[in-house]
Amino acid sequence: MAKKGVVELMDAAVREMEETPPAEPLLLHDGVLYPAVVCRTETLNLLDTFKARSDDVVLVGYPKTGTNWVGQILIELEDASGKYDEEERKRRQQNEQELRLFPVEFGDPEKFERMEKLPSRRILKTHLKLQKIPKSIFEKKAKILVLFRNPKDVAVSYFHFAKGMKLIPSEETWDKFVADFISGKVSYGLYLDHIIEWNKYLDDKNVMFITYEELQENTALGLKRIAEFFDFSVTEQDIQSIVEKSSFKAMKEKFSQTHGEMGKTLFRKGIVGDWKNVFTEAQSKEMDKKYEEDMAKIELGRMLKYEVYCKN
């Protein structure tokens, strides 16, 4: 599996989902729901055997908060910082395709052995809830970038992704999905819980928080903050080049080369505020109520700028 190229990996995953879909779309493991098409109980059982390194670059984000985009940004920053020649860059990319594409909790249990053989610095992605993240990441004090996005846009993006990847029944409606999303009956559970859990890490120097909207508003400034946090040695020219290469337009144009058939589902609109075209007034008010009850009083909740991005 690790020897395959990026497109082969992605297309193989799509074929497997189409040819042998799981009996149940959701896998319940240790109290949390996961997408059964990409997660296995055996792999989830072994998460705490994963051996982190102090220089690992870790990206944490709930599904559809922008982890594909920010993951690519991290890859570009590491590549530029490492100042690899073209041959070395291609060799690293070939060896690390599986890790660069899929969150650590996806795939077969043997992946952790393969990950041990990869050179530093490794870039790790995960959608896991805070308490499910491999303990060695915290023990080794690896730096963690935590990505958030306004919950209404997350819900809309998640619905289209779940439909495209057959993570939910094809006949499932938006009304049913958004009700499940607000109540946490979707893969990875209640999104707002993910944010609440991280609030206790506000003063941890090894954890950085950033929002999708912040990166959209000023991508160059966001990249500079990320580069400084991870000690990436990049120039102003590097930053501008990465802004262009990692733009949604550029990534969508190349999706067939980078992500195969799965790219059609991964790269849809990439905009802020699409929820206004989908949410009913009643659904919007229900989400507002949930935010006010659980999030409005905590600092990370305020960081979402809910009034700006989630109110008409």
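The rules behind the values
- Residues numbered from 1 in each chain as written.
- Predicted model: local features only at pLDDT ≥ 70, side-chain atom pairs only at ≥ 80, totals over all residues.
- Heavy atoms only, no water.
- UniProt positions renumbered as here; feature names shortened; annotations may be inferred.
- Helix = DSSP H or I, 4+ residues; strand = E, 2+ residues; numbered from the N terminus.
- Axes fitted to C-alpha atoms, helices over the stretch in contact; angles between N-to-C directions.
- Parallel < 35°, antiparallel > 145°, perpendicular 65-115°, else oblique.
- Left-handed = near helix turned anticlockwise from the far one by under 90°.
- Contact = heavy atoms within 4.5 Å.
- Phe/Tyr/Trp six-rings, centres within 6.5 Å; stacked < 30°, edge-to-face > 60°.
- Buried < 20%, exposed > 50% of the residue type's maximum accessible area, 1.4 Å probe, protein only.
- Lys NZ or Arg CZ within 6 Å of the ring centre and 35° of its normal.

The protein carries the name Sulfotransferase in an unreviewed UniProt entry, which gives Varanus komodoensis as its organism. One UniProt comment on the protein, placed under Sequence similarities (unreviewed entry), says "Belongs to the sulfotransferase 1 family."

This next bit is on unusual backbone geometry. Cis peptide bonds are those with omega within 30 degrees of zero, and the linkage from serine 120 to arginine 121 qualifies with 0°. Its location among the elements puts arginine 121 in the loop between helix H5 (111–116) and strand E4 (123–126). The backbone of lysine 64 sits at a positive phi, close to 70°, despite the residue not being glycine. Looking at where lysine 64 falls in the secondary structure, it is placed in the loop between strand E3 (57–61) and helix H3 (67–82).

Two numbers describe how helix H7 (residues 151–164) lies on helix H8 (residues 174–183): the axes approach to 10 Å, and their chain directions differ by 125°. In terms of their interaxial angle, H7 and H8 are classed as oblique. For H7 against H8, the interelement crossing comes out right-handed. Contacts between H7 and H8 involve Pro151, Val154, Ala155, Val156, Tyr158, Phe159 and Ala162 from the first element and Trp174, Phe177 and Phe181 from the second.

Inspection of every chain in the model, using the stated rule, returns 22 aromatic pairs. Centroid distance tyrosine 62 to tyrosine 158: 5.8 Å. Interplanar angle 80°. Geometry classified as edge-to-face. One end of the pair, tyrosine 62, is in the loop between E3 and H3; the other, tyrosine 158, is in helix H7, and 96 residues separate them in sequence. Take tyrosine 158: its relative accessible area is 4%, and that puts it in the buried class. Ring centres of tryptophan 275 and phenylalanine 279 lie 6.0 Å apart, and the angle between their planes is 90°; on these two criteria the pair is classed as edge-to-face. On the accessibility criterion, tryptophan 275 (1% relative accessible area) is buried. Chaining the aromatic ring pairs together yields one cluster made of Tyr62, Tyr158, Phe159, Trp174, Phe177, Phe181, Tyr191, Trp275 and Phe279. When the ring centre of tryptophan 275 is taken as origin, the NZ or CZ atom of lysine 152, which lies over that ring, is 4.2 Å away.

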